[in-house]
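Close look at the chain arrangement
In case you want the letters, here they are:
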Amino acid sequence: MRNFITIEGCEGVGKTYQTKLLRQYCEERGLNVVFTREPGGSDIAEQIRRIILDANNNDMDDLCEAFLYAASRIQHLKDIVKPALEAGKAVICDRYVDSSYVYQGLGRGLGLEKIVRLNQIAVGEYMPEFTIFLDLSPEFAFKRKGGADQNDRMEAVGYDFHLKVYEGYKSLIAADPSRFEVIDASGTKEQTQAKLREVLARRGIFK
Ligand SMILES: Nc1ncnc2c1ncn2[C@@H]1O[C@H](COP(=O)(O)OP(=O)(O)O)[C@@H](O)[C@H]1O
Ligand SMILES: [Mg+2]
């Protein structure tokens, strides 16, 4: 879908931080770009997000988790993404279907094919025009963050899981490189921001 961009990467690579800077940049220049995030991003979707991330829900079935992410995605598309695209705006979303592919499909081991099918039902034609992957291994990302947040069910699952997620992203990119813009996120915040702006300008999102 033209003008729909997603940002992916492991925990702590700088997605939230970089998106905040991009938002400021757009506001200063009057660029018509909507910034949002998954899971959540709208009222009902945020309620679903709380259930997913609640550390008390450690009995949650993996497939239940996958369906909750997909459910949150449907609502978020309806409330935020579709109206913005229809109004001629660009949308930049912090996490989307690739997160489900790698976290639930590969990390949890439900299988990529099943999660792809589930998400086809959820998003239909609303696949991103391209996806920016902030490339930094979990080893470095967690060092930056000072370790995982134990109150966040997804962050608390352990290092091996996050390594599987990182390798999962790499395999998705290898299988379909033209869908991704890979950005080395190991430099300073300013360096990563400059690379993001370069990609968004080159792809015609920042005009
Ligand atoms: N390039 C960088 N160098 C050093 N610290 C960074 C860099 N990018 C982000 N950080 C810091 O790392 C932490 C995690 O960043 P965050 O944006 O929350 O990651 P994510 O949203 O991808 O999980 C934050 O404290 C952020 O300020
Ligand atoms: Mg974040």
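Above: the structure in question.
Quick summary incoming for the structure in this document. What you are looking at is a predicted structure, and each value in this text was computed from that prediction instead of being measured.

In terms of regular secondary structure, the protein is built from 8 helices and 5 strands. When the elements of the protein are put in sequence order from the N terminus, they spell out β-α-β-α-α-β-α-α-β-α-α-β-α. The C-alpha radius of gyration of the protein comes to 16 Å, within 12% of the 17 Å expected for a compact globule of 207 residues. Reported as C-alpha extents along the three principal axes, the dimensions of the protein are approximately 45 × 35 × 30 Å. Counting every position in the protein, which comprises 207 residues, the buried fraction comes to 51%. Averaged over its 29 positive side-chain charges, the protein has a centre that lies 4 Å from the centre of its 31 negative ones.

Turning our attention to the site of ligand 1. Lining the immediate surroundings of ligand 1 are 13 residues, of which Gly12, Lys15, Thr16, Tyr17 and Gly187 lie closest. A distance of 3.3 Å is found between an oxygen atom of ligand 1 and a backbone nitrogen or oxygen belonging to Val13. Between ligand 1 and Thr16 there is a distance of 2.7 Å, counted from an oxygen atom to a side-chain nitrogen or oxygen. For ligand 1, whose unbound accessible area comes to 570 Å², protein coverage reaches 74%. According to the grid-proximity analysis, the pocket containing ligand 1 is the largest pocket.

Next up on the list: the sheet that holds strand β2 (residues 33-37). Strand order in the open sheet formed by 5 strands is β2-β3-β1-β4-β5, and the pairing between neighbours is parallel. On the outer flanks of this sheet lie β2 and β5 (180-184), each paired with one strand and no other. Neighbour-to-neighbour, the strand axes of the sheet open up by a mean angle of 20°, direction not taken into account. Sheet topology note: the β2/strand β3 (residues 90-94) ladder contains 5 bridges and is parallel. When the bridges of β3 are listed, Val34 appears paired with Val91. Lying over the sheet, helix α7 (residues 159-175) contacts β1 (4-8), β4 (130-135) and β5, oriented at roughly 140° with respect to β4.

A word on the packing of helix α4 (residues 97-107) against α7. At a minimum axis separation of 9 Å, α4 and α7 run at an interaxial angle of 125°. With respect to their mutual orientation, α4 and α7 come out oblique. Our pair here, α4 against α7, has a crossing hand that is right-handed. Side by side, α4 and α7 meet where Asp98, Ser99, Tyr101, Val102, Tyr103, Leu106 and Gly107 of the first sit next to Phe161, His162, Lys164, Val165, Gly168, Tyr169, Ser171 and Leu172 of the second.

Okay, the environment of Glu139 next. Position of Glu139 among the secondary structure elements: in helix α6 (residues 138-145). For Glu139, a relative accessible area of 41% translates into the label partly exposed. In this structure, the C-alpha to C-alpha distance between Glu139 and Gly12, residues 127 residues apart in sequence, is 10.0 Å.

When you tally the buried positions in β1, you get 5 out of 5 residues, the bulk of the element. With burial as the criterion, each face of β1 is covered, one bearing Phe4, Thr6 and Glu8 and the other bearing Ile5 and Ile7. Note: β1 against β3, 4 bridges, orientation parallel. Residue pairing in the sheet places Ile5 in a bridge with Ile92 of β3.

Conventions adopted
Residues numbered from 1 in each chain as written. Chains lettered and ligands numbered in written order. Predicted model: local features only at pLDDT ≥ 70, side-chain atom pairs only at ≥ 80, totals over all residues. Heavy atoms only, no water. Helix = DSSP H or I, 4+ residues; strand = E, 2+ residues; numbered from the N terminus. Rg over C-alpha atoms; globule rule 2.2 N^0.38 Å. Buried < 20%, exposed > 50% of the residue type's maximum accessible area, 1.4 Å probe, protein only. Lys, Arg positive; Asp, Glu negative; His and termini not counted. Charge placed at Lys NZ, Arg CZ, Asp CG, Glu CD. Near = heavy atom within 4 Å. Polar contact = N/O pair within 3.5 Å; in protein donor to acceptor, adjacent residues only side chain to side chain. Areas by Shrake-Rupley, 256 points an atom, 1.4 Å probe, with all protein chains shown as cover. 1 Å grid on protein atoms, 1.4 Å probe; cavity = no way out; pocket = protein on both sides within 12 Å on 5 of 7 lines; lining within 4 Å. Sits in = over half its atoms within 2 Å of the grid points. Pairing = 2+ DSSP bridges. Axes fitted to C-alpha atoms, helices over the stretch in contact; angles between N-to-C directions. Contact = heavy atoms within 4.5 Å. Parallel < 35°, antiparallel > 145°, perpendicular 65-115°, else oblique. Left-handed = near helix turned anticlockwise from the far one by under 90°.

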